[in-house]
Amino acid sequence: MKIGVYGGAFNPPHLGHITAARAVSGLLKLDKLLIIPTGHPPHKILPPGSPTPEQRLEMTRLAMEQTGLGDKAEVLDLELRREGSSYTADTLACLKEKYPEDELWLLMGTDMFLTFHTWHEPERILASAGIAAFGRTEADTEELFSIQRDFLCRRHPQARIFTLSIPGVVDVSSTELRERLARGEGGGLLAPAVYGYILREKLYGTAADLKNLPLEQLRPVALSCLNHRRIPHVLGTEQEAVRLAERWGADADKARRAALLHDCTKKLNLPEQLALAERFQVPLDEMERREIKLLHAKTGAGVAEAVFGTDGEITDAIRWHTTGRGNMTLLEKVIYLADYIEPNRDFPGVEELRRACYEDLDAGLLLGLEMTIGEMEGRNAPIHPKTLEARDALKGQRE
Ligand code: FE
Ligand code: FE
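Residues numbered from 1 in each chain as written. Chains lettered and ligands numbered in written order. Predicted model: local features only at pLDDT ≥ 70, side-chain atom pairs only at ≥ 80, totals over all residues. Heavy atoms only, no water.

1. Some remarks on the overall build of the protein chain
Per the secondary structure count, the protein chain includes 20 helices and six strands. Its C-alpha atoms put the protein chain at 90 × 40 × 40 Å along the principal axes. Taking all 399 residues of the protein chain together, the buried fraction comes to 50%. Taking the intrachain contacts of the protein chain between residues at least 6 apart in sequence as the baseline, contacts between residues at least 24 apart amount to 69%. As displayed, the protein chain has an accessible area near 18,600 Å², and 51% of this comes from carbon and sulfur atoms. Once the 50 positive and 60 negative side-chain charges of the protein chain are each reduced to a mean point, those two points are 1 Å apart. (Helix = DSSP H or I, 4+ residues; strand = E, 2+ residues; numbered from the N terminus. Buried < 20%, exposed > 50% of the residue type's maximum accessible area, 1.4 Å probe, protein only. Contact = heavy atoms within 4.5 Å. Areas by Shrake-Rupley, 256 points an atom, 1.4 Å probe, with all protein chains shown as cover. Lys, Arg positive; Asp, Glu negative; His and termini not counted. Charge placed at Lys NZ, Arg CZ, Asp CG, Glu CD.)

Okay, structure coming up:
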């Protein structure tokens, strides 16, 4: 296997890192990319608002999910866990033990490459890995690289060095980015989920009021709560919810907010969900206690209200998005159906359901509920009483 090793402070990980990881993986045809946030030297005093090692690890994970490398990319905490100074030579020795048969390539940007000879034990590093240096800007010319490459190759005849320039790379300095974040700028240089995480955790001097987030901030914050595979679904639900709200005269802003937050606890496991329910005193029935599919709507409503300050209407729309209930409000119907028919959904009958939702909202809702009930019956799965109640109430109304 060809394995890339990409270390960095990732403080914070930004679009430049994501682009580099993706491009180098492609150009070197890597089978795997290990991303390793470096530990801070113990004596170094960090400015206030600096992330903890765990927070840097989480941000790096959120960022690397956006490389599109999937399982090929793996974020490791081995340097964060190590006491004292962390040397690349030691990290590579560790990895060499884990991957004795594989070819390691150390990824680094221009600055790192040009100062490589001053690192701790460059000889040991070059003995265990090749170097893949990439130019971050158009100005990092081959001229600059070739001088250093020749110098290193003369000094270390066994060195394997590969230099490449990455077209379209985003040139961002982390120092500058941190300053911009403190001034309320710079969000566009980060993956949305990373920016949302920074706002949520109030890092780098950001001071977002989570209970009164403008939409442009609520969106990344909501995305930062999701498993990355669910991001398209939530954005699709937002889009569909606005369309339905406009069609049927519901409040489009509330529809957006409810859609963005509707699955905000879905990635948590059952014990985590139950702990949240306890914390926000969410009443649960027996079925909800057992099933994340039901539980996340209740805990999501709890978090939306307590953390993000949603009003009763939005909170209820989140609370009932999975089961529905008798006599649903307009916003509840919009969110229930947007979640059901958003553009990423693909199941037999979805087109018919979409049509119904835009012709007659209640007819769409009834059809949706009946499809759910039919599917549950087909699987011999228990049906939540609120779902039956929702269907019966609608049927009664329409007879
Ligand atoms: Fe959901
Ligand atoms: Fe959903």
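Text resumes after the structure shown.
2. Points about the packing of helix α2 (residues 53-64) against helix α9 (residues 192-201)
Here α2 crosses α9 at 155°, and the two axes come no closer than 8 Å. By the angle between their axes, α2 is roughly antiparallel relative to α9. Across the interface between the two elements, Gln55, Glu58, Met59, Leu62 and Ala63 from α2 touch Ala193, Val194, Tyr197, Ile198 and Glu201 from α9. Its residues assigned to classes, the contact of α2 with α9 shows seven nonpolar, one polar and two charged. (Axes fitted to C-alpha atoms, helices over the stretch in contact; angles between N-to-C directions. Parallel < 35°, antiparallel > 145°, perpendicular 65-115°, else oblique. Nonpolar A, V, L, I, M, F, W, Y, C, P; charged D, E, K, R; others polar.)

3. Observations concerning the coordination of the iron ion (ligand 2)
Ideal values differ by geometry: the angle at a metal is 109.5 degrees with four tetrahedral donors, but 90 or 180 degrees with six octahedral donors. The coordination sphere of the iron ion (ligand 2) contains the protein donors His233 (NE2), His262 (NE2), Asp263 (OD) and Asp339 (OD), at a distance range of 2.2 to 2.3 Å. Seen from the iron ion (ligand 2), its four donor atoms lie at angles of 78 to 169°, and the figure they make is irregular. Written as a sequence motif, the donor arrangement for the iron ion (ligand 2) is H-x28-H-D-x75-D. Between the two metal centres, the iron ion (ligand 2) and the iron ion (ligand 1), the spacing is 3.3 Å, with Asp263 acting as a shared donor. (Donors = N, O, S within 2.8 Å, 3.2 Å for Na, K, Ca; no water. Tetrahedral: all angles 85-135°; square planar, octahedral: opposite > 155°, others 65-115°.)

4. With respect to helix α20 (residues 385-398)
For α20, spanning 14 residues, the distance from its first C-alpha to its last is 20 Å, which sits close to the expected 20 Å at 1.5 Å a residue. Where α20 is concerned, the buried positions are Thr387, Ala390, Arg391 and Leu394. In a view along the axis of α20, the buried residues occupy a sector of 90°, so they form one face of it. Buried residues belonging to α20 abut α19 (361-378). (Expected span 1.5 Å × (residues − 1). Arc of directions from axis to C-beta.)

5. What to know about the nonpolar core
Core analysis: the largest hydrophobic core is formed by 65 residues, its most contacted members being Val194, Ile198, Leu244 and Leu261. No other element matches the eight residues that helix α17 (residues 330-341) contributes to this core. For Ile198, the residues in contact, after removing those within four places along its chain, are Pro12, Met59, Leu181, Leu190, Leu203, Tyr204 and Thr206. Of all hydrophobic cores here, the second largest spans 24 residues; its members include Val5, Leu76, Leu92 and Ala129. (Core = buried A, V, L, I, M, F, W, Y, C linked by side-chain atoms within 4.5 Å.)

6. A look at the packing of aromatic side chains
Taken as a whole and judged by the stated rule, the model has seven aromatic pairs. Ring geometry for Tyr6 and Phe10: centres 5.4 Å apart, planes at 85°, overall edge-to-face. The exposure classification of Tyr6 matches that of Phe10, with both residues buried. Considering the side-chain rings of Tyr340 and Phe347, the 5.6 Å spacing of their centres and the 45° angle between planes classify their relative orientation as tilted. (Phe/Tyr/Trp six-rings, centres within 6.5 Å; stacked < 30°, edge-to-face > 60°.)

7. Description of the side chain of Thr91
Relative to the elements of secondary structure, Thr91 occurs in helix α4 (residues 88-98). Residue classification places Thr91 among the buried positions, given a relative accessible area of 2%. In this view, Thr91 contacts Ile36, Leu78, Glu79 and Arg82; residues no more than four positions away in its chain are not counted.

8. Description of the coordination of the iron ion (ligand 1)
Here the iron ion (ligand 1) is held by Asp263 (OD), His296 (NE2) and His321 (NE2), and the distances to it run 2.1 to 2.2 Å. Expressed as a motif, the donor residue spacing for the iron ion (ligand 1) is D-x32-H-x24-H.

9. Thoughts on the pattern of salt bridges
This model, assessed by the stated rule, comprises 24 salt bridges. Of the charged contacts in the structure, one is a salt bridge between Arg81 and Asp77, with a shortest N-O distance of 2.9 Å. (Salt bridge = Lys/Arg side-chain N within 4 Å of Asp/Glu carboxyl O.)

10. Describing the sheet that holds strand β6 (residues 161-165)
Spatial ordering of the open sheet is given by β3-β2-β1-β4-β5-β6, a layout of six strands whose pairing is parallel. The open sheet has two edge strands, β3 (73-75) and β6, and neither has a second partner. Within the sheet, the average angular offset between the axes of one strand and its neighbour, ignoring direction, is 25°. Packed onto the sheet, α2 meets β2 (32-37) and β3 and runs at close to 150° relative to β2. Across the face of the sheet, helix α7 (residues 142-155) comes into contact with β5 (130-135) and β6 while running at roughly 175° to β6. (Pairing = 2+ DSSP bridges.)

11. Details of the domain arrangement of the protein chain
Under the domain assignment used here, the protein chain contains domain 1 (2-165), domain 2 (174-223) and domain 3 (228-398). Here the C-alpha centre of domain 3 lies 43 Å away from the C-alpha centre of domain 1. (Domains from an automatic or database assignment.)

12. Examining the pairing of strand β4 (residues 103-109)
Working note: regular strand, side chains alternate between the two faces of the sheet. With six of its seven residues buried, β4 lies for the most part within the structure. Relative to β4, strand β1 (residues 2-8) runs parallel, the two sharing five bridges. Residue pairing in the sheet places Val5 in a bridge with Leu106 of β4. Pairing between β4 and β5: five bridges, direction parallel. Note that in β5 the partner of Leu107 across the bridge is Ala132.

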